[in-house]
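In case you want the letters, here they are:
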Amino acid sequence: MRQYNEVVTKSEEENYSLFVSNPCFELWLLLHYSDLKEYRKQELLENKKNGSRSFVSACLKDKLKGSYSKSNLNFNRDFMNNIDIAVKNSQIYEQNLVKLENNLGTNIGLLIRELKKS
């Protein structure tokens, strides 16, 4: 993925922090409710669509008992109270920006830890 590498390189050159979830942002949200061990890692990473929802999005909707809507996200209600859980769960998976291109994980937990320090 040349484009991914270009973005990583450019962010480093410009001294920007880049935060990524692979395969998608919903993985970070799902980590608020699960350490993901109940799912097959390959299924999460492939994140195939079934109808209108991706696999990760469907898992998240199940955790939220059907109330998850990508277009109507309520972070305060659905995720804020579990943010420390998500940070802890994210540490189980890849956090290295370069390695995230091909591996399941997210480095958003690193951002949250930095924000909490300041």
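Our subject is the structure listed above.
These lines cover the structure that appears in this document, whether it is placed above or below. (Residues numbered from 1 in each chain as written. Predicted model: local features only at pLDDT ≥ 70, side-chain atom pairs only at ≥ 80, totals over all residues. Heavy atoms only, no water.)

We now examine the overall build of the protein. A tally of helices and strands in the protein yields seven helices and four strands. For the protein, whose C-alpha radius of gyration is 15 Å, the value lies close to the compact-globule estimate of 13 Å for 118 residues. By residue count, 39% of the 118 residues in the protein fall in the buried class. Only carbon and sulfur atoms are counted for the fraction: they give 48% of the accessible area of the protein, which is about 7600 Å². Taking the average location of the 18 positive side-chain charges in the protein and that of its 15 negative ones, the two points are 6 Å from each other. (Helix = DSSP H or I, 4+ residues; strand = E, 2+ residues; numbered from the N terminus. Rg over C-alpha atoms; globule rule 2.2 N^0.38 Å. Buried < 20%, exposed > 50% of the residue type's maximum accessible area, 1.4 Å probe, protein only. Areas by Shrake-Rupley, 256 points an atom, 1.4 Å probe, with all protein chains shown as cover. Lys, Arg positive; Asp, Glu negative; His and termini not counted. Charge placed at Lys NZ, Arg CZ, Asp CG, Glu CD.)

Another aspect to go through is the packing of helix 6 (residues 83-90) against helix 7 (residues 108-117). Helix 7 packs onto helix 6 with a crossing angle of 130° between their chain directions and a minimal axis gap of 9 Å. Taken together, the axes of helix 6 and helix 7 lie oblique to each other. Here the hand of the crossing between helix 6 and helix 7 comes out left-handed. Listed contacts from helix 7 to I83, D84, V87 and S90 of helix 6 are G109, I112, R113 and K116. Class assignment for the residues of the contact of helix 6 with helix 7 results in three nonpolar, two polar and three charged. (Axes fitted to C-alpha atoms, helices over the stretch in contact; angles between N-to-C directions. Parallel < 35°, antiparallel > 145°, perpendicular 65-115°, else oblique. Left-handed = near helix turned anticlockwise from the far one by under 90°. Contact = heavy atoms within 4.5 Å. Nonpolar A, V, L, I, M, F, W, Y, C, P; charged D, E, K, R; others polar.)

We now examine the pattern of salt bridges. Throughout the structure, instances matching the rule amount to nine salt bridges. Salt-bridge contacts for K70 lead to E26; the nearest nitrogen and oxygen are separated by 3.3 Å. On the criterion of sequence distance, the pair formed by K70 in the loop between helix 4 (55-63) and helix 5 (75-78) and E26 in helix 2 (residues 25-30) is long-range, its members being 44 residues apart. The class for K70 is exposed, based on a relative accessible area of 63%. A salt bridge links K116 to D84, with the shortest nitrogen-to-oxygen separation between them at 2.3 Å. (Salt bridge = Lys/Arg side-chain N within 4 Å of Asp/Glu carboxyl O.)

A separate point is helix 1 (residues 2-13). Look at helix 1: 16 Å from first C-alpha to last across 12 residues, which is about the 16 Å you get at 1.5 Å a residue. Among the residues of helix 1, those classed as buried are Y4, V8 and S11. Buried positions in helix 1, seen along its axis, are confined to an arc of 65° and lie on one side of it. Turned more than 90 degrees from where helix 1 packs its buried face, R2, Q3 and E13 sit exposed. Immediately beyond the C-terminal end of helix 1, within one or two residues, lies N15, with a positive phi of roughly 60°. (Expected span 1.5 Å × (residues − 1). Arc of directions from axis to C-beta.)

Among the residues making up helix 7, those that are buried are I108, G109 and I112. Taken end-on, helix 7 shows its buried residues confined to a sector of 105°, consistent with a single buried face. The inward-facing, buried residues of helix 7 contact strand 1 (21-22), helix 2, helix 6 and strand 4 (105-106).

This part covers the environment of N102. Here N102 is to be found in the loop between helix 6 and strand 4. Separated by 69 residues in sequence, N102 and Y33 place their C-alpha atoms 23 Å apart. Contact partners of N102, with chain neighbours within four places excluded, come to N22 and L45.

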